[in-house]
Amino acid sequence: MPKILIVGGGYAGFYTAWKLEKWLRKGEAEVTIVDPLPYMTYQPFLPEVAAGSIEPRHAVVALRRHLKKTNVVTAKVTNVDHATKTATITPEVGDAWTMEYDQVVMTAGAVSRTFPIPGVADEAIGLKTIEEAAAIRDKLLTNFAKASNLPAGPERDRLLTVVVVGGGFAGIEVFAELRSFASDLLKNYPGLTVDDTHFHLIEAMGRIMPEVSLETSHWVLKNLAERQAIVHLDTQLQSAVGGKIELSTGDSFESDLIVWTAGVMANPMVRNTDFPLEQRGRITVKPDLRIVDGETVVPDAWACGDVAATPDLTGKGVGGFCVPNAQHAVRMGKQLAKNIVASLRGEAVTDYRHENLGAVAGLGLNVGVFQSGKIAVKGFPAWIAHRGYHGLAMPSFERKFRVVGGWWNNLWLGRDIVSLDNRERPRAAFEEFASRPKPAGEAAPVAAAPEVGTPAGEPGPVYANPADEKGAAAETETVAPAAK
């Protein structure tokens, strides 16, 4: 039985495996998907996760739950040697092993692309994973709670200043969603006003959202300005050391939340393969998604999604290639599954061709934009279109139900404003009060007796050492009569 190895469980990898399960006959091939994460992230929902409109777990799709016929391996593929048709699988725990395959599908996706700007690597956070989106939400909520206890001044301004770097779709969406979230939070903090919050987006180009018309992008800028969200065009971030933002325009201010959305790049793991790469580090493929070395097709090797330089047959792609977005990755995965099945059965494969359906973005509750050709819709109708499109595009009925159910609950109950920022150190509370063995030879300290006359019902520690509780109980029996 032929063995098919899928490297990466993102959009393209998940949909390839999902459709192979549907179209392969029983016993026709054995499919294995390898990814360090046990789930696929629906990335268009990350801005709403960051703004508390969608629960983090609802924006991901569990691979093991929805890929019933596929071998799911939670590990990294650290090397692919197609000459010998072997891949090195490295788990988080345990020794690496070598896996043999007959056909390989490279869908390792993309990672955040950054520049060597001082402070960015230490202070900023990306928006490519569900963990990052959830952390942004918790950070904003925690900062509001801290700022509410401070008087007006530099420290409060720092906590309530949000900076987003990058004016593409992801940057604008998370920027607008966070602005909406912050404005909504103010009703819970009567000591703060909208003037106390500061939102800055930094874009090196002279416009935002190149996927929409210039007129539509101007409307977005106007809408953001009305909500007191500042967009710095033709501006570069020069430093973020210690959270101090320094811009090429000379402006400077401090921020405790810096979100980086200024570009992505192909997963660097492709450099550990013997597949041909183009200048941007992507695998070169033909329109039918077979890997190609110059004009020569590499047998039994496929690639698609963000990790592949796929020719755009419509002629509308940047540089002649399909842009790295979810719309293409999903459809590529479906087409790739069809082509693999066709190749196994000795049938002809089909080129991938997809006309862009348009662009839709959510800009916070009840605000959005939609662009399809010359047709542009703005405001509430576009927001409904945004939620309708992505609600339908979310894979599986189970995931759709969870996401739409969350939207419905928020409509009546509002967004949850509880921060779980402390989950970054979940053992902190336990460690603070945990009893530890005394060093050898050290005498145990003698507990001081409670003062006579202490008011009855005086509160004690929230968490107590069980051994101490017994001692305290014995002392209480002795002292209580005298106190009485």
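Residues numbered from 1 in each chain as written. Predicted model: local features only at pLDDT ≥ 70, side-chain atom pairs only at ≥ 80, totals over all residues. Heavy atoms only, no water.

**Focus on the overall build of the chain**
- Across its full length, the chain carries 13 helices and 26 strands.
- On the principal axes, the C-alpha backbone points of the chain span a range of 95 × 55 × 45 Å.
- Residue burial in the chain is summarised as follows: out of 484 residues, 46% are buried.
- At a minimum sequence separation of 6, the contacts of the chain that also span at least 24 residues come to 70%.
- Here the chain displays about 24800 Å² of accessible surface, and carbon together with sulfur accounts for 55% of that area.
- Averaging the coordinates of the 50 positive side-chain charges in the chain and doing the same for the 56 negative ones gives two points 8 Å apart. (Helix = DSSP H or I, 4+ residues; strand = E, 2+ residues; numbered from the N terminus. Buried < 20%, exposed > 50% of the residue type's maximum accessible area, 1.4 Å probe, protein only. Contact = heavy atoms within 4.5 Å. Areas by Shrake-Rupley, 256 points an atom, 1.4 Å probe, with all protein chains shown as cover. Lys, Arg positive; Asp, Glu negative; His and termini not counted. Charge placed at Lys NZ, Arg CZ, Asp CG, Glu CD.)

**Some words on the sheet that holds strand β22 (residues 296-303)**
- Strands sit in the order β5-β2-β1-β9-β22-β21 across an open sheet of 6 strands; the sheet is mixed. With partners counted over all chains shown, the strands left at the sheet margins are β5 (71-74) and β21 (290-293), one partner each. Between one strand and the next, the sheet's axes are offset by a mean angle of 30°, whatever the strand orientation.
- Bridging between β21 and β22 involves 3 bridges; their strand directions are antiparallel. (Pairing = 2+ DSSP bridges. Axes fitted to C-alpha atoms, helices over the stretch in contact; angles between N-to-C directions.)

**What about the side chain of Thr314?**
- Tracing the sequence through the fold places Thr314 in the loop between β23 (308-309) and α9 (326-344).
- Among the polar contacts made by the side chain of Thr314, one reaches the side chain of Asp312 at a distance of 2.6 Å.
- The contacts of Thr314, once residues within four sequence positions are left out, are Arg353, His354 and Glu355. (Polar contact = N/O pair within 3.5 Å; in protein donor to acceptor, adjacent residues only side chain to side chain.)

**Considering the pairing of strand β26 (residues 375-378)**
- As judged from the 4 bridges shared by strand β25 (residues 368-372) and β26, these two strands associate in the antiparallel manner. Looking at the pairing, Phe370 lines up with Val377 of β26.

**A word on the pattern of salt bridges**
- Enumeration according to the criterion identifies 17 salt bridges in this entry.
- Salt-bridge contacts for Arg402 lead to Glu398; the nearest nitrogen and oxygen are separated by 2.6 Å. Here Glu398 and Arg402 lie together in helix α11 (residues 397-413), a separation of 4 residues that amounts to about one turn.
- Classification of Arg402 by relative accessible area gives partly exposed; the value is 33%.
- Among the residues examined, Glu398 registers a relative accessible area of 16% and is labelled buried.
- Among the charged side chains, a salt-bridge network with shared partners connects Arg65, Glu398, Arg399 and Arg402. (Salt bridge = Lys/Arg side-chain N within 4 Å of Asp/Glu carboxyl O.)

**A word on the nonpolar core**
- One finds Phe144 and Met209 to be the most contacted residues of the largest nonpolar core, which totals 84 residues.
- Here this core takes 9 residues from helix α7 (residues 169-185), the largest share from any one element.
- Residues in contact with Met209, not counting those within four places in the same chain, are Gly167, Gly168, Phe169, Ile172, Val220, Ala361 and Val369. (Core = buried A, V, L, I, M, F, W, Y, C linked by side-chain atoms within 4.5 Å.)

**As for the environment of Leu277**
- Within the secondary structure, Leu277 is located in the loop between β19 (264-266) and β20 (283-284).
- You can call Leu277 partly exposed: its relative accessible area is 35%.
- Placed 16 residues apart in sequence, Leu277 and Asp293 show a C-alpha to C-alpha distance of 8.6 Å.
- Dropping the residues within four chain positions of it, Leu277 is found in contact with Val270, Arg271, Arg282, Ile283 and Thr284.

**Digging into helix α10 (residues 380-393)**
- Helix length check: α10 (14 residues) gives 20 Å between terminal C-alpha atoms against 20 Å at 1.5 Å per residue, within 8%.
- Among the residues of α10, those classed as buried are Ala382, Trp383, His386, Arg387, His390 and Gly391. Along the axis of α10, the buried residues cluster in a sector spanning 165°; they form a single face.
- Against α2 (46-50), α7, β24 (359-362), β25, β26 and α11 lie the buried residues of α10. (Expected span 1.5 Å × (residues − 1). Arc of directions from axis to C-beta.)

**Quick word on the sheet that holds strand β18 (residues 257-260)**
- Across the sheet, 5 strands lie side by side as β11-β18-β12-β13-β14; this open sheet has parallel pairing. Two strands close off the open sheet at either side, each with one partner strand: β11 (124-125) and β14 (229-232).
- Direction of pairing for strand β12 (residues 161-165) relative to strand β13 (residues 198-202): parallel, over a ladder of 5 bridges. Opposite Val164, over in β13, you have Leu201 as the bridge partner.
- Together, β11, β12 and β18 form the strand contacts of helix α5 (residues 130-147), whose direction differs from that of β18 by roughly 155°.
- In the packing of α7 onto the sheet, the strands contacted are β12, β13, β14 and β18, and the crossing angle to β13 comes to about 175°.

**What about the confidence of the model for the chain?**
- Taken residue by residue, the chain gives an average pLDDT of 86. The fraction at 70 or more is 90%.
- Predicted confidence is poor over residues 454-484, with pLDDT under 50, and the contacts of this stretch with residues over four places away or in other chains come to 7 contacts. (pLDDT = per-residue confidence, 0-100.)

**Topic: the packing of aromatic side chains**
- What the rule picks out here adds up to 12 aromatic pairs.
- Ring centres of Tyr11 and Tyr42 lie 5.9 Å apart, and the angle between their planes is 80°; on these two criteria the pair is classed as edge-to-face. Residue Tyr11 is located in helix α1 (residues 11-23), and its partner Tyr42 is located in the loop between β3 (39-41) and α2; the two are separated by 31 residues in the primary sequence. Of the two residues examined, Tyr11 and Tyr42, each falls in the buried class.
- Ring centres of Phe380 and Trp383 lie 5.7 Å apart, and the angle between their planes is 35°; this geometry places the pair in the tilted category. (Phe/Tyr/Trp six-rings, centres within 6.5 Å; stacked < 30°, edge-to-face > 60°.)

**Considerations on helix α8 (residues 214-226)**
- Taking 1.5 Å as the rise per residue, α8 with 13 residues should run 18 Å; its terminal C-alpha atoms sit 19 Å apart, in good agreement.
- Taken as a whole, α8 has its buried residues at Thr216, Ser217, Val220, Asn223 and Leu224. All buried residues of α8 lie within an arc of 120° about the axis, which places them on one face of the element. Turned more than 90 degrees off the buried face of α8, the exposed positions are Glu215, Lys222, Ala225 and Glu226.
- Note on α8: the residue one or two positions beyond its end, Gln228, has a positive phi of about 60°.

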